[in-house]
Amino acid sequence: MELVRDIPSLKKIVNRVRKEGENIGFVPTMGFLHEGHLSLMRAARAENDFLAISIFVNPKQFGAGEDYEDYPRDLERDRELARSTGCDLVFYPAAREMYPEGFSTYVEVEGLTETLCGASRPGHFKGVTTVVLKLFNLVAPHRAYFGQKDAQQALVLRKMVEDLNVDLELLIQPTVREPDNLAMSSRNKYLAPEHRRQAPLIYQGLQEAQQLLQSGERRAGKLKKRVQEVISRSEDAVIDYVEIVETGRLHPVEEVQDECLLAVAVKFGNTRLIDNVLLEV
Ligand code: AMP
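By convention here, each chain's residues receive numbers from 1 onward along its written sequence. In view of the model being predicted, local features appear only for residues whose pLDDT reaches at least 70, and side-chain atom pairs are presented and counted only at 80 or more, with totals across whole chains, interfaces and linings using the full set of residues. Water and hydrogen atoms were dropped before computing side-chain values, which therefore reflect all heavy atoms in the structure.

With respect to the sheet that holds strand β4 (residues 89-91)
Here is step 1: Ordered by their spatial adjacency, six strands build an open sheet running β1-β4-β3-β2-β5-β6, and the pairing between neighbours is parallel. Of all strands in the sheet, those with a lone pairing partner are β1 (2-4) and β6 (169-173), marking the two edges. This sheet shows a mean twist of 25 degrees between the axes of neighbouring strands, independent of strand direction.
Here is step 2: In terms of strand pairing, β1 meets β4 through three bridges, oriented parallel. Note that in β4 the partner of V4 across the bridge is F91. Following DSSP output, two strands are said to pair if at least two bridges run between them. Strands are runs of DSSP state E lasting at least two residues, helices are runs of H or I lasting at least four, and both sets are numbered from the N terminus onward. Axis geometry follows a simple rule: fit a line to the C-alpha atoms, using only the stretch in contact for helices, then measure angles between N-to-C directions, giving values from 0 to 180 degrees.

A look at the packing of aromatic side chains
Here is step 1: Each aromatic pair joins two rings of Phe, Tyr and Trp (for Trp, the six-membered one) with centres within 6.5 Å, and gets the label stacked for planes under 30 degrees apart, edge-to-face for over 60, and tilted for any other angle. Under the criterion given, the structure shown has seven aromatic pairs.
Here is step 2: Taken together, a centroid distance of 4.9 Å and an interplanar angle of 75 degrees make the contact between Y99 and F103 edge-to-face.
Here is step 3: Burial classes: relative accessible area under 20% of the type maximum marks a residue as buried, over 50% as exposed, and values in between as partly exposed (1.4 Å probe, protein chains only). Assessed through its relative accessible area of 6%, Y99 is described here as buried.
Here is step 4: Counting every residue linked through ring pairs, the aromatic cluster contains F56, Y99, F103 and Y106.
Here is step 5: By definition, being over a ring means that NZ of Lys or CZ of Arg is both within 6 Å of the ring centre and within 35 degrees of the ring normal. Above the plane of the ring of F32 lies R77, whose end atom (NZ or CZ) is 4.7 Å from the centre.
Here is step 6: The residue whose ring lies beneath R177 is Y203, and the NZ or CZ to ring-centre distance is 3.6 Å.

Re the site of the ligand
Here is step 1: Looking at the ligand, there are 17 residues lining it, with M30, H37, D150, V176 and M184 nearest.
Here is step 2: Pairs of N or O atoms within 3.5 Å make up the polar contacts considered here, provided that, within protein, one atom can donate a hydrogen while the other can accept it, and that residues adjacent in sequence are counted only when both atoms are side-chain atoms. In this structure, an oxygen atom belonging to the ligand sits 2.9 Å away from a main-chain N or O atom of M30.
Here is step 3: Separating an oxygen atom of the ligand from a side-chain N or O atom of H37 is a distance of 2.8 Å.
Here is step 4: For accessible areas, the Shrake-Rupley method is used with a probe of radius 1.4 Å. Any residue's cover is judged against the shown protein chains and nothing else. Expressed as a share of its isolated accessible area of 490 Å², the protein-covered part of the ligand is 93%.
Here is step 5: For the shell around the ligand, the elements supplying multiple residues, two or more each, are β2 (24-29), α2 (35-47) and β5 (143-147).
Here is step 6: Here the element with the most residues in the shell around the ligand is α2; it accounts for three residues.
Here is step 7: Think of it as three bins: nonpolar holds Ala, Val, Leu, Ile, Met, Phe, Trp, Tyr, Cys and Pro, charged holds Asp, Glu, Lys and Arg, and polar takes everything else, Gly as well. Taken together, the residues of the shell around the ligand sort by class into eight nonpolar, seven polar and two charged. By convention in this text, a residue qualifies as near a molecule or strand provided that one of its non-hydrogen atoms is within 4 Å of it.

Comments concerning the packing of helix α6 (residues 124-139) against helix α7 (residues 151-163)
Here is step 1: Where α6 meets α7, the closest approach of the two axes is 10 Å, and the angle between their N-to-C directions is 55 degrees. Relative to α7, the element α6 lies oblique. Two packed elements cross with a definite hand, and for α6 against α7 that hand is right-handed. In this structure, α6 contributes F125, V128, T129, V132, L133 and F136 to the contact, and α7 contributes Q152, Q153, V156, L157, M160 and V161.
Here is step 2: A per-class count over the contact of α6 with α7 returns nine nonpolar, three polar and no charged. Orientation labels follow simple angle bins: below 35 degrees gives roughly parallel, above 145 gives roughly antiparallel, 65 to 115 gives roughly perpendicular, and whatever is left gives oblique. It is the rotation of the near helix from the far one that decides the hand of a crossing: anticlockwise by less than a right angle makes it left-handed, clockwise makes it right-handed. The contact definition used throughout considers only heavy atoms, calling two residues in contact when any of these lie within 4.5 Å.

Observations concerning the nonpolar core
Here is step 1: Judged by nonpolar contacts, the single largest core of 46 residues is most densely connected at L10, M98, V132, F136, F146 and M160.
Here is step 2: Ranked by the residues each element gives to this core, the list is headed by α6, at nine residues.
Here is step 3: Side-chain atoms within 4.5 Å are what join buried Ala, Val, Leu, Ile, Met, Phe, Trp, Tyr and Cys residues into a set we call a nonpolar core. Core analysis: the second largest hydrophobic core is formed by 26 residues, L213, C260, V266 and L279 among them.

A look at the side chain of D78
Here is step 1: Note on placement: D78 falls in helix α3 (residues 75-84).
Here is step 2: Residue classification places D78 among the buried positions, given a relative accessible area of 2%.
Here is step 3: Within the local environment of D78, its side chain forms a polar contact with the backbone nitrogen of L33, the two atoms lying 2.9 Å apart.

Description of the sheet that holds strand β9 (residues 271-279)
Here is step 1: Within the open sheet, the three strands sit side by side as β7-β8-β9. Their pairing is antiparallel. Each having just a single partner strand, β7 (237-246) and β9 make up the two edges of the open sheet. Each neighbouring strand pair of the sheet contributes to a mean axis angle of 15 degrees, computed without reference to strand direction.
Here is step 2: Across nine bridges, β7 lies against strand β8 (residues 260-268) in antiparallel orientation. Bridge pairing in β8 links A237 to F268.
Here is step 3: Packed onto the sheet, helix α9 (residues 201-214) meets β8 and β9 and runs at close to 20 degrees relative to β9.
Here is step 4: Across the sheet, helix α10 (residues 220-231) lies against β7 and β8, angled at about 155 degrees from β7, the strand it touches most.

A few points about the pattern of salt bridges
Here is step 1: We define a salt bridge as a contact between a side-chain nitrogen of Lys or Arg and a carboxyl oxygen of Asp or Glu at a distance within 4 Å. Considering all chains together, one arrives at 20 salt bridges under this definition.
Here is step 2: Where D275 meets R177, a salt bridge forms, and the shortest distance between an N and an O atom there is 2.8 Å. Of this pair, D275 sits in strand β9 while R177 sits in the loop between β6 and α8 (193-198), and the two are 98 residues apart along the sequence. Neither D275 nor R177 differs from the other in exposure class; each is buried.
Here is step 3: The salt bridge partner of E229 is R226, with a shortest N-O separation of 3.8 Å. With E229 and R226 both in helix α10 and three residues apart, the pair spans about one turn of that helix.
Here is step 4: By relative accessible area, which is 28% here, R226 ends up partly exposed.
Here is step 5: Look at the salt bridges and you will find they share partners, linking E208, K225, R226, E229 and R233 into a network.

Printed below as a string of structure tokens:
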């Protein structure tokens, strides 16, 4: 497994691999790898000849006052975990390598980025799409893998790939959870012990709404209320949003008819957690 930090070395390897006719699978990450990341890497490993990942805490997707500086980082640990999945290449650039002096071009997907996390984190998705398109151009993968955990991100990136004719297949993998159903996240490490104990209420709320839907309740207001009630059993949980949107344009719905996304963002202290489930009738 090779670890490269600079763009010329990366291009050299990628060009060689493509010349040999091998398929490249790519998993972009911000590091501090957990089973969620590893599940994407295993899928990519199984479906491609060559597995590349990136580890880059992208400053452009963090807003002022967010946790860019504090975001967990541990290259040595990540390196071992990547190696264990049979990864061939880790791209680990410095911020200056990705954004040299004078960098001034951005990618913005309109329409899908104003709601949900886009509403609470202005500029976040612009940072995500910009870095991911740069990484796609650098790694030139045949397939790229993203997690359903960040559902809006995956849909925004899928739209970018479609609109800008990016020549790759984008695959979305299921959310990996802790044994108590909390969605795995690099940020879980920051939860205070009492918050960690309460955090599974997030998925419990999503599940109870799914059950309510199964029993015939299709009104979005009632389903959202159930999620809010369950999460509010924790006195420390501060709900950012509970929303039900259709999966095409992410517009809120009054009633669940076709496939919808039930998505939540909750803060425990300074730690913001997101989760979601697909609703089907
Ligand atoms: P991150 O390092 O948080 O930017 O995540 C990198 C990729 O891993 C993104 O495509 C995420 O959606 C995905 N991911 C993060 N957590 C999970 C999880 N619990 N299950 C599945 N995929 C995940």
